[in-house]
Amino acid sequence: MKNTEKMSRRDILKKGALGATAVAASTMLGASSVFAQESANNSILAPLSGKTAFITGGARGIGLATAEEFAKAGANIVLFDIATKKVPHVGYALSSERDLASAKAKIESLHVKCLAIKGDVRKLDDLKSAVQKTVDTFGSLDYLIANAGVTQVGAIEDFSAEEIDVVYDINVAGIIKTTQAVAPIMKRQKSGRMVFLSSALGRMGNELFPVYASTKWAIIGFAKSAALSYGKDNITCNVVAPGLVHTPLADNPYVMGKMAPNNPTATFESISESLKPGNPLPVGHLEPEDVAKAIMLFTSEVTTKVTGEVFDISYGSLARSIA
Ligand SMILES: NC(=O)c1ccc[n+]([C@@H]2O[C@H](COP(=O)([O-])OP(=O)(O)OC[C@H]3O[C@@H](n4cnc5c(N)ncnc54)[C@H](O)[C@@H]3O)[C@@H](O)[C@H]2O)c1
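The structure presented is a predicted model; accordingly, all values stated were derived computationally and were not measured.

**Notes on the nonpolar core**
With 92 residues, the main nonpolar core has Phe70, Ile77, Ile107, Met194, Phe196, Val291 and Ile295 as its most contacted residues. In this view, isoleucine 295 contacts Ile62, Thr66, Phe70, Ile145, Val195, Leu197 and Val240; residues no more than four positions away in its chain are not counted.

**As for the pairing of strand β2 (residues 76-81)**
Burial runs high along β2: six of the six residues are buried. Side chains of β2 alternate between two faces, with Asn76, Val78 and Phe80 and Ile77, Leu79 and Asp81 buried alike. Relative to β2, strand β1 (residues 52-56) runs parallel, the two being bridged by five bridges. Paired with isoleucine 55 across the two strands is leucine 79, which belongs to β2. Traced from β1 through helix α3 (residues 61-72) to β2, the parallel crossover comes out right-handed. Relative to strand β3 (residues 114-118), β2 runs parallel, the two being bridged by five bridges. What sits directly across from phenylalanine 80, in β3, is isoleucine 117.

**What to know about a negative patch on the surface**
Side chains of Asp251, Glu269, Glu287, Glu289 and Asp290 sit close together on the surface and give a patch of like negative charge. Inspection of the secondary structure assignment puts glutamate 289 in helix α10 (residues 288-296).

**Observations regarding unusual backbone geometry**
Even without glycine at this site, alanine 83 takes up a positive phi of about 45°. Along the polypeptide, alanine 83 turns up in the loop between β2 and α4 (97-108). Residue classification places alanine 83 among the buried residues on the basis of a relative accessible area of 3%.

**A word on the pattern of salt bridges**
Under the defined criterion, the tally for this structure stands at eight salt bridges. With a shortest N-O distance of 2.8 Å, aspartate 120 and arginine 122 are connected by a salt bridge. Classification of aspartate 120 as buried rests on a relative accessible area of 8%. Residue arginine 122 is classed as partly exposed on the basis of its relative accessible area of 25%.

**Some thoughts on the sheet that holds strand β6 (residues 235-242)**
In spatial order, the strands read β3-β2-β1-β4-β5-β6-β7; together these seven strands make up an open sheet with parallel pairing. Looking at the sheet topology across the chains shown, the edges are occupied by β3 and β7 (310-313). The mean inter-strand angle of the sheet, taken between neighbouring strand axes irrespective of direction, is 15°.

**Quick word on the confidence of the model for the chain**
When the pLDDT values of the chain are averaged, the result is 89; 86% of them are 70 or greater. Confidence drops under pLDDT 50 across residues 1-43; counting only partners more than four residues distant or on other chains, this segment forms 40 contacts.

**Structural notes on the packing of aromatic side chains**
Tallied over the full model, the rule gives six aromatic pairs. Relative to tyrosine 143, the ring of phenylalanine 70 lies with its centre 5.2 Å away and its plane at 50°, an arrangement referred to as tilted. Placement of the pair is phenylalanine 70 in helix α3 and tyrosine 143 in strand β4 (residues 143-146), with a sequence separation of 73 residues. Judged by its relative accessible area of 1%, phenylalanine 70 is buried.

**Section: the site of the ligand**
Taken together, the neighbourhood of the ligand is formed by 29 residues, with Asp81, Ser95, Asn147, Tyr212 and Thr247 sitting nearest. Within the side chain of arginine 60, an N or O atom sits 2.8 Å from an oxygen atom of the ligand. Here lysine 216 contributes a side-chain N or O atom positioned 2.8 Å from an oxygen atom of the ligand. In isolation the ligand has 830 Å² of accessible area, and contact with the protein removes 99% of it. Of all the secondary-structure elements, those providing two or more residues to the shell around the ligand are α3 and α7 (210-230). Considering only residue class, the shell around the ligand consists of 15 nonpolar, 10 polar and four charged.

Reading guide: rules and limits
- Residues numbered from 1 in each chain as written.
- Predicted model: local features only at pLDDT ≥ 70, side-chain atom pairs only at ≥ 80, totals over all residues.
- Heavy atoms only, no water.
- Core = buried A, V, L, I, M, F, W, Y, C linked by side-chain atoms within 4.5 Å.
- Buried < 20%, exposed > 50% of the residue type's maximum accessible area, 1.4 Å probe, protein only.
- Contact = heavy atoms within 4.5 Å.
- Helix = DSSP H or I, 4+ residues; strand = E, 2+ residues; numbered from the N terminus.
- Pairing = 2+ DSSP bridges.
- Right-handed = clockwise from strand over helix to strand, strands pointing away.
- Patch = residues over 30% accessible without salt bridge, like charges linked within 9 Å, V, L, I, M, F, W, Y side chains within 5 Å.
- Areas by Shrake-Rupley, 256 points an atom, 1.4 Å probe, with all protein chains shown as cover.
- Salt bridge = Lys/Arg side-chain N within 4 Å of Asp/Glu carboxyl O.
- Lys, Arg positive; Asp, Glu negative; His and termini not counted.
- Charge placed at Lys NZ, Arg CZ, Asp CG, Glu CD.
- Axes fitted to C-alpha atoms, helices over the stretch in contact; angles between N-to-C directions.
- pLDDT = per-residue confidence, 0-100.
- Phe/Tyr/Trp six-rings, centres within 6.5 Å; stacked < 30°, edge-to-face > 60°.
- Near = heavy atom within 4 Å.
- Polar contact = N/O pair within 3.5 Å; in protein donor to acceptor, adjacent residues only side chain to side chain.
- Nonpolar A, V, L, I, M, F, W, Y, C, P; charged D, E, K, R; others polar.

This is the structure in structure tokens:
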């Protein structure tokens, strides 16, 4: 309590009247509580001010939505993205350099600092230099959102060796390399929070996405191992596992064509609608913001003592799973 009071006085002197109001309100609410973060959305409070979030695959989709939530909470943002539309053996377009630039502009419009770094999670050197740049620029790396991923869809025998390699290299080896690059900084800080993006397909089998599903299971195994490895360094490692999310990973001709092979006019919306009746909650898909808000739970006090866990965000579809 005394520390908080001391900080308040320091911040009041530093930030002036508006800062004083923010700090007072923040103190009442508990600076890093979920409630404080919600208040931050109207830019009165900035509970993550001075913190830095490093987000792979941040140029669009879930990564960008998450960056926006962190930015609203006042954090400095690093968007790390391949920013290359055509990647061999991936069946749909990834983000472009323009996507990455416009993501950076979007984040900066929220009045936080943002680095946009073009890099590939398959390359440890890209990740190491991005992490170094992050620490040189912002002084710390507090949150890792290991989110970059690609999907593959089809029957098991249909996949070429190259297609299998690319999805494993990005989704599994990429997450391991991202952790290798970030962990030394967090260990030195004696603090950090890592969130790994798996999927509802990392919790069950799926005949339409057999290779992708196996990569998403692997991520959970790795995250639990990371939790065991880094707990003593005050680093938490947790997984977020969303159901179907409306992003370009799912809403593209390659994926839609395989999900509704007999219906060439099928859209993401029509497929979502057809999935609704099978789900416990009457929901066919999530928006990226739904996932981003769930990821933010791992910045709050509520999860300080939570590590090695999987948080399912899948409109109840996991209620039928065995545990
Ligand atoms: N969309 C869904 O239905 C869904 C559901 C569950 C889990 N997920 C997972 O969420 C994560 C984000 O997916 P999304 O739906 O936002 O996808 P998305 O395709 O919209 O965004 C992914 C981003 O990652 C980037 N990326 C891809 N390969 C990269 C690489 N090698 N290095 C750096 N960046 C790279 C892309 O350029 C893109 O900007 C993925 O791990 C995905 O598997 C998605």
